[in-house]
Amino acid sequence: MTTLMAARVRDAAQAGTPLRIRGGGSKDFYGQALAGDVLDMAAHAGVISYEPSELVVTVRGGTPLAELEALLAGQGQCLPFEPPHFGPNATVGGMVASGLSGPARASSGAVRDYLLGVVLLNGKGESLTFGGQVMKNVAGYDVSRLMAGTLGTLGVLLEVSLKVLPVAPAEATLECRLPQQQALYLLNRWGGQPLPLNASCWVHDDSTAPGQDFLFVRLRGAVAAVEAACPRMMADVQAAGGQAARMDQAQAGADWNACREQTLPFFARPPALDACLWRLSVPQTTPALDLPYAQLIEWHGGLRWLWAPASAAAQLRRLAAQAGGHATVFRRAAQTPAELPVFAPLSPVQSRIEQALRKEFDPAGVFNPGRMSMDR
């Protein structure tokens with residue numbers, strides 16, 4: 001199959017025909033545009049090697065993400081960055097190409113941090129190997145990690161080698177009632193202490209009257225560490241004027257999965273027809289943003305989700321940039337202007353680097369044109 005794909009890429013490059021790399025299509029909503037003939041990766045699937053004792057797995061790009069996670073779970077292991085699926089057909093290649101991580105990202109790292117190596121089909125139809133299956137074999141620039149988040153614009157991911165980790169022996173979730181600013185203060189305070197802090201989510205729940213502010217905090221690690229942290233953190237919440245309780249583990253697990261997959265009520269019900277879902281990535285120490293839009297905060301303050309119209313783009317990007325971050329249109333409303341950039345504009349230096357990389361990997365520009373921006 002690799003030979004056939006390589007021939008198709010060479011033919012497309014020669015004819016100037018764009019190709020749209022597609023795994024399961026679960027991330028089709030993400031990015032600027034979908035263009036080109038579909039290069040379907042779904043059949044290019046399967047586990048190539050898995051060494052549980054070495055904490056390394058190598059799979060083909062079209063391998064279903066659910067299949068990989070089930071394989072790891074059978075050995076008491078996992079992908080610590082909790083990649084979202086956004087549908088039953090999510091693939092490992094799409095996971096890497098989108099570069100999206102779940103609730104544990106701030107504590108456990110991102111997709112790119114667990115990429116050990118890739119086999120890539122470039123725009124000339126050549127199969128290139130970068131990295132490998134161990135952490136120590138990378139000399140110079142780690143090209144394999146460059147593939148995370150590029151939305152398939154640099155090549156076709158044929159194979160992916162990933163570092164995996166054992167499932168934590170203990171887990172607990174605290175439900176705290178705290179306003180946003182106090183929640184951010186405590187998260188920053190806890191982040192500087194030796195606590196098994198793994199994930200957090202703050203949201204205003206308006207399903208009841210009056211609405212209430214909730215901070216959910218997940219702890220993972222050794223049994224002794226988790227059990228010692230719970231009463232200590234609950235006392236901190238009470239000292240800040242809030243209330244805290246330990247959640248039922250089954251309910252907490254379902255809620256964290258809903259947060260990862262964006263099936264929580266916050267994500268499921270846009271407040272208005274013209275509301276886009278914005279993703280603001282900012283330093284964790286960024287204070288509460290003075291905005292009139294509903295927000296959900298993850299990653300200990302580092303990720304702010306909010307619903308706002310396309311007309312708020314300049315304001316949101318200015319605030320994010322002032323904080324040292326950036327704003328992305330994660331999900332567009334149906335009437336969003338096509339000319340609205342999904343991703344924050346790159347600086348001149350970043351733009352030159354990106355153009356040089358694309359020219360090197362895909363000189364004919366056949367892979368996912370326009371997916372990252374309207375002019376590339």
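Residues numbered from 1 in each chain as written. Predicted model: local features only at pLDDT ≥ 70, side-chain atom pairs only at ≥ 80, totals over all residues. Heavy atoms only, no water.

Peer 1: Can you help me understand the overall build of the protein in this one?
Peer 2: Helix and strand counts for the protein stand at eleven helices and 17 strands. Taken over C-alpha atoms, the radius of gyration comes to 21 Å for the protein, in line with the 21 Å a tight globule of 376 residues would show. For the C-alpha atoms alone, the extent of the protein along its principal axes is close to 65 × 50 × 35 Å. For the protein, buried positions account for 50% of its 376 residues. By sequence separation, contacts in the protein at least 24 residues apart represent 68% of the contacts at least 6 residues apart. Within the structure as shown, the protein displays about 16,500 Å² of accessible surface, and the carbon and sulfur contribution to it stands at 54%. With 31 positive and 31 negative side-chain charges, the protein shows a separation of 4 Å between the mean positions of the two kinds. (Helix = DSSP H or I, 4+ residues; strand = E, 2+ residues; numbered from the N terminus. Rg over C-alpha atoms; globule rule 2.2 N^0.38 Å. Buried < 20%, exposed > 50% of the residue type's maximum accessible area, 1.4 Å probe, protein only. Contact = heavy atoms within 4.5 Å. Areas by Shrake-Rupley, 256 points an atom, 1.4 Å probe, with all protein chains shown as cover. Lys, Arg positive; Asp, Glu negative; His and termini not counted. Charge placed at Lys NZ, Arg CZ, Asp CG, Glu CD.)

Peer 1: Sorry, what's going on with the nonpolar core here?
Peer 2: If you look at soluble globular proteins, the nonpolar side chains tend to sit buried side by side. Membership of the largest hydrophobic core comes to 44 residues, with the highest contact counts inside it found for Phe266, Trp278, Leu296 and Trp305. With 27 residues, the next largest nonpolar core counts Val59, Phe81, Leu154 and Val164 among its residues. (Core = buried A, V, L, I, M, F, W, Y, C linked by side-chain atoms within 4.5 Å.)

Peer 1: What exactly am I supposed to notice about empty space enclosed by the protein here?
Peer 2: In this approach a probe as big as a water molecule rolls over the atoms, and the regions it shows empty are the leftover space. Tallying each qualifying case throughout the model produces two cavities of 30 Å³ or more. Looking at the largest cavity, its volume works out to about 340 Å³. Those elements that provide at least two residues to the lining of the largest cavity are strand E1 (19–22), helix H3 (92–98) and strand E8 (156–163). Sorting elements by how many residues they give to the lining of the largest cavity places H3 first, with four residues. For the lining of the largest cavity, the per-class residue count stands at eight nonpolar, 13 polar and four charged. Counted as a void, the second largest cavity has a volume near 110 Å³. Lining the second largest cavity we find 14 residues, and of these Pro84, Ser101, Arg260, Gln262 and Trp305 sit closest to its centre. (1 Å grid on protein atoms, 1.4 Å probe; cavity = no way out; pocket = protein on both sides within 12 Å on 5 of 7 lines; lining within 4 Å. Points joined across faces, edges and corners; volume = space filled by probe spheres on them. Nonpolar A, V, L, I, M, F, W, Y, C, P; charged D, E, K, R; others polar.)

Peer 1: How should the side chain of His300 be read in this particular structure?
Peer 2: Take His300: it is sitting in the loop between strand E15 (295–298) and strand E16 (303–309). Within polar-contact distance, the side chain of His300 engages the side chain of Ser200 at 2.9 Å. Apart from residues lying up to four places away in sequence, His300 is in contact with Ala106, Ser107, Leu187, Asn188, Leu197, Asn198, Ala199, Ser200 and Gln284. (Polar contact = N/O pair within 3.5 Å; in protein donor to acceptor, adjacent residues only side chain to side chain.)

Peer 1: Teacher, can you tell me more about the sheet that holds strand E3 (residues 47–51) here?
Peer 2: To summarise the sheet geometry, strands pair through backbone hydrogen bonds and adopt either a parallel or an antiparallel arrangement. Taking strand neighbours across the sheet as the criterion, the five strands line up as E3-E4-E8-E6-E7 in an open arrangement whose pairing is antiparallel. What marks the edges here is a single partner per strand, and that holds for E3 and strand E7 (127–131). Mean inter-strand twist for the sheet, computed between neighbouring axes without regard to direction, equals 10 degrees. As judged from the six bridges shared by strand E6 (residues 115–121) and E8, these two strands associate in the antiparallel manner. Paired with Leu120 across the bridge in E8 is Leu157. The sheet contacts of helix H2 (residues 65–73) involve E3, strand E4 (56–60) and E8, and relative to E3 the element is tilted by about 25 degrees. (Pairing = 2+ DSSP bridges. Axes fitted to C-alpha atoms, helices over the stretch in contact; angles between N-to-C directions.)

Peer 1: I would appreciate a short explanation of the sheet that holds strand E13 (residues 243–246) in the present structure.
Peer 2: Pairing is antiparallel across the open sheet formed by eight strands, whose spatial order is E13-E10-E12-E11-E15-E16-E14-E17. Either end of the sheet is taken by a strand with one partner, and the two such strands are E13 and strand E17 (326–331). Along the sheet, successive strands turn relative to each other by an average axial angle of 20 degrees, direction set aside. Bridging between strand E10 (residues 170–177) and strand E12 (residues 212–221) involves seven bridges; their strand directions are antiparallel. Looking at the pairing, Glu171 lines up with Arg220 of E12.

Peer 1: I'm lost on the pattern of salt bridges in this one. Help?
Peer 2: Opposite charge on two side chains allows them to pair when their charged atoms are near. By the definition in use, this model includes ten salt bridges. One salt bridge in this structure joins Arg189 and Asp236, with 3.7 Å as the shortest N-O distance. Linking Arg189 in helix H6 (residues 180–191) with Asp236 in helix H7 (residues 223–239), this pair joins segments that are 47 residues apart in sequence. Using a relative accessible area of 12% as the deciding quantity, one classes Asp236 as buried. Here the residues in one salt-bridge network are Glu82, Glu171, Arg218 and Arg220, joined through shared partners. (Salt bridge = Lys/Arg side-chain N within 4 Å of Asp/Glu carboxyl O.)

Peer 1: Please explain the pairing of strand E14 (residues 275–281) as it appears in this structure.
Peer 2: Regular strands show a simple pattern: their side chains alternate between the two faces of the sheet. Counting buried positions along E14 gives seven out of seven residues, so the element sits mostly inside the fold. Sheet analysis places E14 next to E16, joined by seven bridges and oriented antiparallel. The residue of E16 that forms the bridge with Arg279 is Trp305. Two elements, E14 and E17, share five bridges in a ladder whose sense is antiparallel.

Coordinates in, geometry out; function isn't part of it.
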